[in-house]
Amino acid sequence: MTDRDAQCRAFLNGTRWQSWPGAPLAGDASARRYVRLTGPAGERAILMDADPALGEQVAPFVRIAEWLLAQGLSAPRILHHAMADGFLLLDDLGPDTIAVAAASGSEDDLYDAAVDVLIALDAAPPPDGLTRMVPQVGADMVAIVAETYHPGDPGPLVAATHDALLRLAPQADRIALRDYHAENLIWRPERAGLDRVGLLDFQDAFIAPRGYDLASLLRDIRRPVAEAQVTRQTARFAAATQTDPVALSAQLAALGAQRNLRILGVFARLVQRGKSRYAAYLPVVWDTLLRDLAHPDLRDLREVVMTTLPPPQDRR
């Protein structure tokens, strides 16, 4: 037993969950670890292990979870915690993600429900104290691609991204959960309304331009979304938020390009750190990036990308 395992056992000791058997869940790109605990009558809870020694912390997760619950949305309730040690015990929102459910269900129903949550978030006054992704912050976030994916001078890429965001997505005034995609959304068909979608992986939430999470959902590199669905959901979001659909389309393209430039760099860094499975995603990220860069309002950014970054198969 490792020291961390002993800490975990101590965290559960004396609680109703201490003897529940656990099954590890698939992790994400972070150092966090998740275990599903199952009780004698089939009750379930999720143990989050976010080791502070590995740079993880749970306070941001707790803060955003409580805020989401206060908005009437379905985030996990905190059942038990040891904040300083990086342990949380959470409600289990359900076993199936929207990505799993889409294999056998109606995509329209699934994505309608996911976008309904984004419409509700768009109307909610965001919490205080979160970082704002103003154009310069968003531009600086893509510098990693010139550090890990294709080493070189990040200046031209950062400048072109800044220009695109300044023109097309200048105002950071909506909360964005940041990793809003089909594998992070729990499908709960037995529930009603917004409660049908359980929310996960929102500890990095910040304030961003309208549509940041919609771009994350519709430009999903793990589960590509059909263009017909992209068109349907963009129109629904534009109508519900009273946004000009032409301007929204350009804004989503700019935000999608910014996100996927950063993801290229982040995934390349994960590969360098030994998480080789992320190499398979690089061509998908590249193709998704090019689809956004095809928007006529992003021609300048596209030119910089095409002259400074090679496609994954041509990387040194």
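In the block above lies the structure referred to throughout.
This section reports on the structure supplied with the text. Predicted model only: the values in this text are computed from it and were never measured.

In regular strands, side chains alternate between the two faces of the sheet. For strand E3 (residues 44-49), the tally of buried residues reaches five of six residues, placing the bulk of the element in the interior. Relative to E3, strand E2 (residues 33-38) runs antiparallel, the two being bridged by six bridges. By the bridge assignment, Val35 is partnered in E3 with Leu47. The loop that links E2 with its antiparallel partner E3 comprises five residues; one of these, Gly42, has a positive phi angle of about 90°. As defined by bridge partners, E3 adjoins strand E5 (residues 87-91) across five bridges and the pair is classed as antiparallel. Looking across to E5, one finds that Met48 is bridged to Leu88.

In the structure shown here, the tally under the stated rule is 23 salt bridges. Across the pair Arg232 and Asp112 runs a salt bridge whose closest N-O atoms are separated by 2.7 Å. On the criterion of sequence distance, the pair formed by Arg232 in helix H8 (residues 227-240) and Asp112 in helix H4 (residues 107-123) is long-range, its members being 120 residues apart. The class of Arg232 is partly exposed, set by a relative accessible area of 32%. Assessed through its relative accessible area of 13%, Asp112 is described here as buried. The partner of Arg236 in a salt bridge is Asp112, and the shortest N-O contact between them spans 3.6 Å. Remark: Asp112 occurs in helix H4 and Arg236 occurs in helix H8; sequence separation between them is 124 residues. The class for Arg236 is partly exposed, based on a relative accessible area of 25%. Among the charged side chains, a network of salt bridges with common partners joins Asp108, Asp112, Asp116, Arg232 and Arg236.

All right, on to helix H1 (residues 3-12) then. Turning to H1, its buried residues are Arg4, Cys8, Phe11 and Leu12. Down the axis, H1 shows its buried residues gathered within 90° of arc, on one side only. Exposed side of H1, more than 90 degrees from the buried face: Asp3, Arg9 and Ala10 are the residues found there.

This brings us to the packing of helix H10 (residues 282-293) against helix H11 (residues 299-308). Relative orientation of the contacting elements H10 and H11 amounts to 145°, with a least axis distance of 9 Å. Here Trp286, Leu289, Leu290 and Leu293 of H10 lie close against H11, whose contacting residues are Leu301, Arg302, Val305 and Met306. Across the contact of H10 with H11, the residue classes break down as seven nonpolar, no polar and one charged.

Here H10 is twelve residues long and its end C-alpha atoms lie 16 Å apart, about the 16 Å a rise of 1.5 Å per residue gives. Residues Leu282, Val285, Trp286, Thr288, Leu289, Asp292 and Leu293 constitute the buried set of H10. Mapping the buried residues of H10 onto a view down its axis gives an arc of 165°, with all of them on the same face. Where H10 is buried, its residues meet helix H9 (245-272) and H11.

A few words on the packing of aromatic side chains. The tally for this structure, following the rule as stated, stands at six aromatic pairs. When the ring of Phe11 is compared with that of Phe87, the centres are 5.3 Å apart and the planes differ by 20°; the resulting orientation is stacked. Linking Phe11 in helix H1 with Phe87 in strand E5, this pair joins segments that are 76 residues apart in sequence. In this structure an aromatic cluster arises from ring pairing among Phe267, Tyr278 and Tyr281. In this arrangement the basic side chain of Arg178 is found over the ring face of Phe206, its NZ or CZ atom lying 4.3 Å from the centre. The ring centre of Tyr281 lies 5.9 Å from the NZ or CZ of Arg222, which sits over that ring.

Where helix H6 (residues 155-168) contacts H11, the axes come no closer than 9 Å and their chain directions differ by 165°. By the angle between their axes, H6 is roughly antiparallel relative to H11. Every pair of crossing elements has a handedness; the one defined by H6 and H11 is left-handed. Contacts between H6 and H11 involve Pro156, Leu157, Ala160, Thr161 and Ala164 from the former and Leu301, Val304 and Val305 from the latter. Taken together, the residues that form the contact of H6 with H11 break down as seven nonpolar, one polar and no charged.

About the thresholds
Position numbers for residues start from 1 in each chain and track the written sequence from start to end. In view of the model being predicted, local features appear only for residues whose pLDDT reaches at least 70, and side-chain atom pairs are presented and counted only at 80 or more, with totals across whole chains, interfaces and linings using the full set of residues. The basis for every side-chain value is the complete set of heavy atoms in the structure, and neither hydrogens nor water enter the calculation. Three labels apply to residues, based on accessible area from a 1.4 Å probe with only protein chains included: buried if under 20% of the type maximum, exposed if over 50%, partly exposed otherwise in between. Elements are defined by DSSP. Helices are runs of H or I of four residues or more, strands are runs of E of two residues or more, and each kind is numbered from the N terminus. Only when DSSP finds a minimum of two bridges between them are two strands counted as paired. By definition here, a salt bridge exists when the distance from a side-chain nitrogen of Lys or Arg to a carboxyl oxygen of Asp or Glu is within 4 Å. The directions considered for the arc are those from the helix axis to the C-beta atoms. Helix axes are fitted to C-alpha atoms over the stretch in contact, other axes to C-alpha atoms as well, and angles between N-to-C directions run from 0 to 180 degrees. Contact between two residues is taken to exist if any of their heavy atoms lie within 4.5 Å; hydrogens are not considered. Classes in brief: Ala, Val, Leu, Ile, Met, Phe, Trp, Tyr, Cys and Pro nonpolar; Asp, Glu, Lys and Arg charged; the others, Gly included, polar. Given the number of residues in a helix, its expected span is that number minus one, multiplied by 1.5 Å. Planes of paired rings set the category: under 30 degrees apart is stacked, over 60 is edge-to-face and the rest tilted, where pairs are Phe, Tyr or Trp rings (Trp by its six-membered ring) whose centres lie within 6.5 Å. Lysine and arginine charges are scored as sitting over a ring when NZ or CZ, respectively, is within 6 Å of the ring centre and within 35 degrees of the ring normal. Here is the rule for angles: anything less than 35 degrees is roughly parallel, anything more than 145 is roughly antiparallel, 65 through 115 is roughly perpendicular, and the remaining ranges are oblique. Take the far helix as the reference: if the near one is turned anticlockwise from it by less than a right angle, the crossing is left-handed, and if turned clockwise, right-handed.

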